[in-house]
Amino acid sequence: MFLLRGHVALKPRISRLFSSLPTLTLFTKDPCPLCDEAKEQLEPLGHRFVLQQVDISLPQNAVWRQRYALDIPVFHLNGRFAMKHRVDLQLLDSLLRDEQGTGGQEDA
């Protein structure tokens, strides 16, 4: 699993690798023991996506805080809602397979 936080300047080779993988966004806060547990549960599929974390407690993420304050962990895959409260590896595997087939990415 690749983890991105904020803006990262990447070398072109690494950047191409990231762009070929779907983005799984985790809406979280610190502390969030359920989110930590969810990240551990993602490990078997971690080579198939880039994990991006959005801290809903930050002022710039107020919209996400209003939407998900009582529901974290929440996951989006390529900008679309995927799951919340817990990791469903079978669902995530299916969604990742669908993304491979379409190759499409959407903005959040």
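Residues numbered from 1 in each chain as written. Predicted model: local features only at pLDDT ≥ 70, side-chain atom pairs only at ≥ 80, totals over all residues. Heavy atoms only, no water.

Caption draft 1: Molecular detail of the confidence of the model for the protein. Residue-level pLDDT values for the protein average 85, and 76% of them are 70 or greater. pLDDT under 50 marks residues 6-16. Its contacts with residues more than four places away, or in other chains, come to two contacts. (pLDDT = per-residue confidence, 0-100. Contact = heavy atoms within 4.5 Å.)

Caption draft 2: Summary view of the packing of aromatic side chains. For the structure on display, the rule yields three aromatic pairs. Measuring from centroid to centroid gives 4.5 Å for Phe27 and Trp64, while their planes differ by 40 degrees, and the two rings are tilted. A residue pair is termed long-range when its members are at least 10 positions apart, and Phe27 in strand β2 (residues 23-28) and Trp64 in helix α3 (residues 62-68) qualify at 37 residues. The burial state of Phe27 is the same as that of Trp64; both residues are buried. Their ring planes at 10 degrees and their centres at 5.9 Å tell us that Trp64 and Tyr68 sit as a pair that is stacked. Of this pair, Trp64 and Tyr68 both sit in helix α3, four residues apart, which is roughly one turn of the helix. In terms of burial, Trp64 and Tyr68 fall into one category: buried. In textbook terms, an aromatic cluster arises when at least three aromatic residues are bridged by ring pairs, as seen for Phe27, Trp64 and Tyr68. (Phe/Tyr/Trp six-rings, centres within 6.5 Å; stacked < 30°, edge-to-face > 60°. Helix = DSSP H or I, 4+ residues; strand = E, 2+ residues; numbered from the N terminus. Buried < 20%, exposed > 50% of the residue type's maximum accessible area, 1.4 Å probe, protein only.)

Caption draft 3: Representation of the nonpolar core. Counting residues in hydrophobic clusters, the biggest one holds 14 residues, and the most contacted among them are Leu24, Leu42, Phe49, Phe75 and Leu92. If we skip the residues at most four places from it in the chain, Phe75 touches Leu24, Thr25, Leu26, Ala38, Leu42, Arg80, Phe81, Ala82, Met83 and Val87. Ranked by size, the runner-up nonpolar core spans nine residues in total, among them Cys35, Ile56, Trp64 and Ile72. (Core = buried A, V, L, I, M, F, W, Y, C linked by side-chain atoms within 4.5 Å.)

Caption draft 4: Broad picture of the state of the cysteines. Inspection of the entire model under this criterion finds one disulfide. Note that Cys32 is cross-linked by a disulfide to Cys35, the S-S spacing being 2.2 Å. Handedness of the Cys32-Cys35 disulfide follows from its S-S torsion of about 65 degrees: it is right-handed. Cys35 shares its class with Cys32; the two are buried. (Disulfide = S-S within 2.5 Å.)

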